[in-house]
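For reference, the chains in residue letters:
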Amino acid sequence: TDVYSLGVMLYEILVGALPFDLAKKADQAIRYAILETEVPRPSTRFTSLGETQDSVARHRRTTAEGLRKKLRADLDWIILKAMEKDRTRRYETANGLAEELERHLRNEPVLAHAPSAGYRVRKFVKRHRMGVVASGVVVVALVAASAGAVAPLVLAKFP
């Protein structure tokens, strides 16, 4: 329950609203919502806030679109894993959740996200942007130099 509670707190801190709209529900309906209803993605819940989005985003020193993009990425996955109905699929400890948030902050692949090569490549490029750009420049320069060296030979053979 500690990890689930931390997930709810993280959800509320980031989205500015609880995962479920429980204001007008009776105790039994609240229990049902918590135990049986799937938790809406934080980015989806944030979008449903309507005009409140701008106020919530300002309190987080960003724009509504900026916050939506941040939530749509790894934070959706992390929060949903922390709030998973099946205890065995949640983070085992609060420390596990903290380590996952650290991975997110370091732009490393998070364990909660579905593993894919594209996801891992995007994370690598984000972490090593300058190195990737420098490597790209070197590759383009080598290709251009090779083409420049081979072109006269080809043109000499086929006048």
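All values derive from a computational prediction rather than experimental measurement.

Reading the values: the criteria
- Residues numbered from 1 in each chain as written.
- Predicted model: local features only at pLDDT ≥ 70, side-chain atom pairs only at ≥ 80, totals over all residues.
- Heavy atoms only, no water.
- Salt bridge = Lys/Arg side-chain N within 4 Å of Asp/Glu carboxyl O.
- Buried < 20%, exposed > 50% of the residue type's maximum accessible area, 1.4 Å probe, protein only.
- Helix = DSSP H or I, 4+ residues; strand = E, 2+ residues; numbered from the N terminus.
- Axes fitted to C-alpha atoms, helices over the stretch in contact; angles between N-to-C directions.
- Parallel < 35°, antiparallel > 145°, perpendicular 65-115°, else oblique.
- Contact = heavy atoms within 4.5 Å.
- Nonpolar A, V, L, I, M, F, W, Y, C, P; charged D, E, K, R; others polar.

Draft legend 1. View of the pattern of salt bridges. A full pass over the atoms with the stated rule returns seven salt bridges. Between Arg89 and Glu84 there is a salt bridge, with the nearest N and O atoms lying 3.8 Å from each other. A relative accessible area of 51% means that Arg89 is categorised as exposed. Close ionic contact of Glu100 with Arg103 constitutes a salt bridge, the shortest N to O distance being 2.8 Å. Within this pair, Glu100 and its partner Arg103 are both found in helix H6 (residues 94-105), separated by three residues, close to a single helical turn. On the basis of relative accessible area, Glu100 is assigned to the buried category, the value being 0%. Under the relative-accessibility criterion, Arg103 is labelled buried at 16%. Residues joined by salt bridges that share partners form a network here, namely Glu102, Arg106 and Glu108.

Draft legend 2. A look at the packing of helix H4 (residues 52-59) against helix H5 (residues 64-82). Axis separation between H4 and H5 bottoms out at 8 Å; the angle between their running directions is 75°. Regarding the angle of H4 to H5, the classification is roughly perpendicular. Touching Gln53, Asp54, Val56 and Ala57 of H4 are Ala64, Leu67 and Arg68, all from H5. Looking at the contact of H4 with H5 residue by residue, the classes come out as four nonpolar, one polar and two charged.

Draft legend 3. Summary view of the side chain of Arg45. Among the secondary structure elements, Arg45 is positioned in helix H3 (residues 42-47). Not counting residues up to four positions away in its chain, the partners in contact with Arg45 are Tyr11, Val15, Ala17, Leu18, Pro19, Phe20, Asp21 and Pro40.

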